[in-house]
Structure formats: structure tokens, C-alpha cells
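Tertiary structure, described
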Amino acid sequence: QVTHQDATDPRGSEHVQKTISKINRLLDCTDALESHQKINALMRAIGCPTTLREVGVQTQSDIQALVDNVNIERLFNNPRALTAGTLRDILEGVW
């Protein structure tokens, strides 16, 4: 959930939440988790990898190398502010 504290979109967290809700409706889903599952199922159906392991990221050291090589400032266009720690959490979630 994007909050006022971590929203980077100048239109604010409410705009981001409305946009996410719109995406959920377009996917005929009730929430972000269901949308995530639907997108993952589509990706699997067309043969795309859905985890980092499937593209060669095999160890925690590999994840750390990814984190170390990302310029966090370049991710400012993400609707939620990211730190190296939150990036690592995201990458571990898709590992």
C-alpha cells in the first residue's frame, strides 16, 4: 500500500491508489494480489520467466550484486520511494 510518507508521485498517494484500483478493474481483479497472480499466470502461459532463479539469479550474493548495481535515484519514477533495503526485499520476493 502506497502511503503519504512513501509516495513519490507528485499527485500523491491517493492518485497512486486510484491508478492501482483502475488496473485491478481492467484485469477484472478485486485487489493487487489477484492482479499479480493473474499477470504471473499469463506470463507462465506464454513461456516467460516469473522468478529471478529462472533467469540465472541463484544466490543471495547474486541478489546483493543486483542491489549494489542499481542507482536508487534513477528509480524515482516508481510510485513508491525505494531504498536499497526495500529493493532487496522486492528482489528476494521474486527470487
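See the structure shown above.
Residues numbered from 1 in each chain as written. Predicted model: local features only at pLDDT ≥ 70, side-chain atom pairs only at ≥ 80, totals over all residues. Heavy atoms only, no water.

To continue, consider the layout of surface pockets. Taken as a whole, the largest pocket holds about 790 Å³ of empty space. Along its surface, the largest pocket is lined by 29 residues, and I20, A32, H36, N78 and I90 are the ones closest to its centre. For the lining of the largest pocket, the secondary structure elements donating two or more residues are α1 (13–26), α2 (32–45) and α4 (84–93). (1 Å grid on protein atoms, 1.4 Å probe; cavity = no way out; pocket = protein on both sides within 12 Å on 5 of 7 lines; lining within 4 Å. Points joined across faces, edges and corners; volume = space filled by probe spheres on them. Helix = DSSP H or I, 4+ residues; strand = E, 2+ residues; numbered from the N terminus.)

Time to look at the side chain of T8. Examined against the element boundaries, T8 turns out to sit in the segment before α1. Polar side-chain contacts of T8 include one of 3.3 Å to the backbone oxygen of F76. Those residues in contact with T8 that sit more than four places away from it in its chain are F76, N78, P79, R80 and A81. (Polar contact = N/O pair within 3.5 Å; in protein donor to acceptor, adjacent residues only side chain to side chain. Contact = heavy atoms within 4.5 Å.)

This part takes up unusual backbone geometry. Residue D28 is not a glycine yet carries a positive backbone phi of 60 degrees. With respect to the secondary-structure elements, D28 resides in the loop between α1 and α2. Classification of D28 as exposed rests on a relative accessible area of 62%. (Buried < 20%, exposed > 50% of the residue type's maximum accessible area, 1.4 Å probe, protein only.)

Turning to the state of the cysteines, a few remarks are in order. In a disulfide, the sulfur atoms of two cysteines are held together by a covalent bond. As enumerated under the stated definition, the model contains zero disulfides in all. The structure places no disulfide on C29, whose sulfur is separated from the nearest cysteine sulfur, that of C48, by 18 Å. Exposure remark for C29: the relative accessible area of 8% places this residue in the buried category. (Disulfide = S-S within 2.5 Å.)

Attention shifts here to the pattern of salt bridges. Here the structure, examined in full by the defined rule, presents three salt bridges. Ionic pairing is found between D9 and R11, a salt bridge with its closest N-O pair at 2.9 Å. (Salt bridge = Lys/Arg side-chain N within 4 Å of Asp/Glu carboxyl O.)

So, on to the environment of I23. Along the chain, the position of I23 falls in helix α1. The class for I23 is partly exposed, based on a relative accessible area of 43%. Note: C-alpha distance between I23 and S35 (twelve residues apart in sequence) is 8.1 Å.

On to the packing of helix α3 (residues 60–68) against α4, then. Two measures define how a pair of helices packs: the angle their axes make with one another and the distance between the axes. In contact at an axis separation of 10 Å, α3 and α4 are set at 135 degrees when each is read in the N-to-C sense. By the criterion of interaxial angle, the relationship of α3 to α4 is oblique. Regarding α3 and α4, the two cross each other, and that crossing is right-handed. Residues Q60, I63, Q64, L66 and V67 of α3 form the contact with α4, whose participating residues are A84, L87, R88, L91 and E92. Residues of the contact of α3 with α4, tallied by class, amount to six nonpolar, two polar and two charged. (Axes fitted to C-alpha atoms, helices over the stretch in contact; angles between N-to-C directions. Parallel < 35°, antiparallel > 145°, perpendicular 65-115°, else oblique. Left-handed = near helix turned anticlockwise from the far one by under 90°. Nonpolar A, V, L, I, M, F, W, Y, C, P; charged D, E, K, R; others polar.)

Turning our attention to the packing of aromatic side chains. One pass over the full model with this rule turns up zero aromatic pairs. When the ring centre of W95 is taken as reference, the NZ or CZ atom of R53 above it lies at 3.7 Å. (Phe/Tyr/Trp six-rings, centres within 6.5 Å; stacked < 30°, edge-to-face > 60°. Lys NZ or Arg CZ within 6 Å of the ring centre and 35° of its normal.)

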